[in-house]
Amino acid sequence: MFDLTGRVALVTGAGQNVGAEIALTLAAQGAAVGVNDLFAERAEAVAATIVSAGGRAVGVEADVADLEDVREMVQTVESELGPIDILVNNAGVPPNQEWDLIPFHETAPASWHTWIDINLYGVFNCCHATVQGMIERGWGRIVTIVSEGGRIGEPLMAVYCAAKAGAIGFMKALAKEVAPHGVTANCVALGTLGPPDGDPELVARLARRYPVGRIGRPSDVAPAVVYLASPEAEWVTGQTLPVSGGYTTS
Ligand SMILES: NC(=O)c1ccc[n+]([C@@H]2O[C@H](COP(=O)([O-])OP(=O)(O)OC[C@H]3O[C@@H](n4cnc5c(N)ncnc54)[C@H](O)[C@@H]3O)[C@@H](O)[C@H]2O)c1
């Protein structure tokens, strides 16, 4: 099951953490992978890991918030690997750090663009540049990585939550548009992930919010993406799958 041999995937923001794990896992299932990041060296390092394991991959530097950049990225991936069948919108900027969280009324309006431009427009741009090809070929999978904050709202990160909620609403609507053409569109909503070597006190404090008793890891996320990207998930669309240790239950 979940064999992606012959499929071509594009994963944005895949130079580290969650995106890198998704790119490596899609490749392990047989997909050729366009590995995007804002930083070329990160993207190329992940692509090189896939290639050295016997897979096909290309690293592509692009800013998902810039539509022209995105169009060029899609062209590069398609000329190197073939038409894109699977788009994973993973690139995102996090809310301010824990010690930096501020109420909405104290935020600087100029800062709002950061979250909206990358976490929402980035998704629009990448879908706009790839969906037509998927429709023409009659098969496609779009998976957007969002946050539980976009589903339920979290204080002190309102604009981040708005951008992620916008991506969820967009994917639901797009799912209905493209469903007749064999294309699905879903979200995966994450709880807090952390590096295993993070500050133990902070990690323990964050873990207390999660019924499963720990914060997440990139390896919790990638298999969910593989499922939604697979042929077996063709009857699942317009959904948001929480991968969050029981943080939310509906
Ligand atoms: N880590 C968490 O706790 C958490 C929780 C909920 C949701 N998420 C979501 O998961 C996704 C991945 O998170 P992560 O923790 O791996 O992030 P990260 O910051 O560790 O990595 C993101 C990668 O995306 C790249 N990137 C940033 N802006 C970009 C742009 N404009 N164009 C292309 N690439 C860009 C960065 O260079 C980086 O390599 C994000 O969408 C994030 O909002 C993460």
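Reference entry: report on the structure contained in this document. (Residues numbered from 1 in each chain as written. Predicted model: local features only at pLDDT ≥ 70, side-chain atom pairs only at ≥ 80, totals over all residues. Heavy atoms only, no water.)

As judged from the five bridges shared by strand S2 (residues 32–37) and strand S3 (residues 57–61), these two strands associate in the parallel manner. Bridge assignment links Gly-34 to a residue of S3, and that residue is Val-58. Tracing the backbone out of S2, into helix H2 (residues 40–52) and back to the parallel element S3 gives a crossover that is right-handed. (Pairing = 2+ DSSP bridges. Helix = DSSP H or I, 4+ residues; strand = E, 2+ residues; numbered from the N terminus. Right-handed = clockwise from strand over helix to strand, strands pointing away.)

By the element assignment, Asn-186 lies in strand S6 (residues 183–190). Side-chain polar atoms of Asn-186 contact the backbone oxygen of Val-236, separated by 2.9 Å. Here Gln-239 takes part through its backbone nitrogen, which lies 2.9 Å from a polar atom of the side chain of Asn-186. (Polar contact = N/O pair within 3.5 Å; in protein donor to acceptor, adjacent residues only side chain to side chain.)

Another point: the packing of helix H3 (residues 67–81) against helix H4 (residues 112–137). Between H3 and H4, the least distance of the axes is 7 Å, while the angle of their chain directions is 40°. Comparing their axes, H4 and H3 come out oblique. Every pair of crossing elements has a handedness; the one defined by H3 and H4 is right-handed. In contact with Leu-67, Val-70, Arg-71, Met-73, Val-74 and Glu-78 of H3, H4 contributes Asn-125, Cys-126, His-128, Ala-129, Thr-130 and Arg-137. Across the contact of H3 with H4, the residue classes tally to six nonpolar, three polar and three charged. (Axes fitted to C-alpha atoms, helices over the stretch in contact; angles between N-to-C directions. Parallel < 35°, antiparallel > 145°, perpendicular 65-115°, else oblique. Left-handed = near helix turned anticlockwise from the far one by under 90°. Contact = heavy atoms within 4.5 Å. Nonpolar A, V, L, I, M, F, W, Y, C, P; charged D, E, K, R; others polar.)

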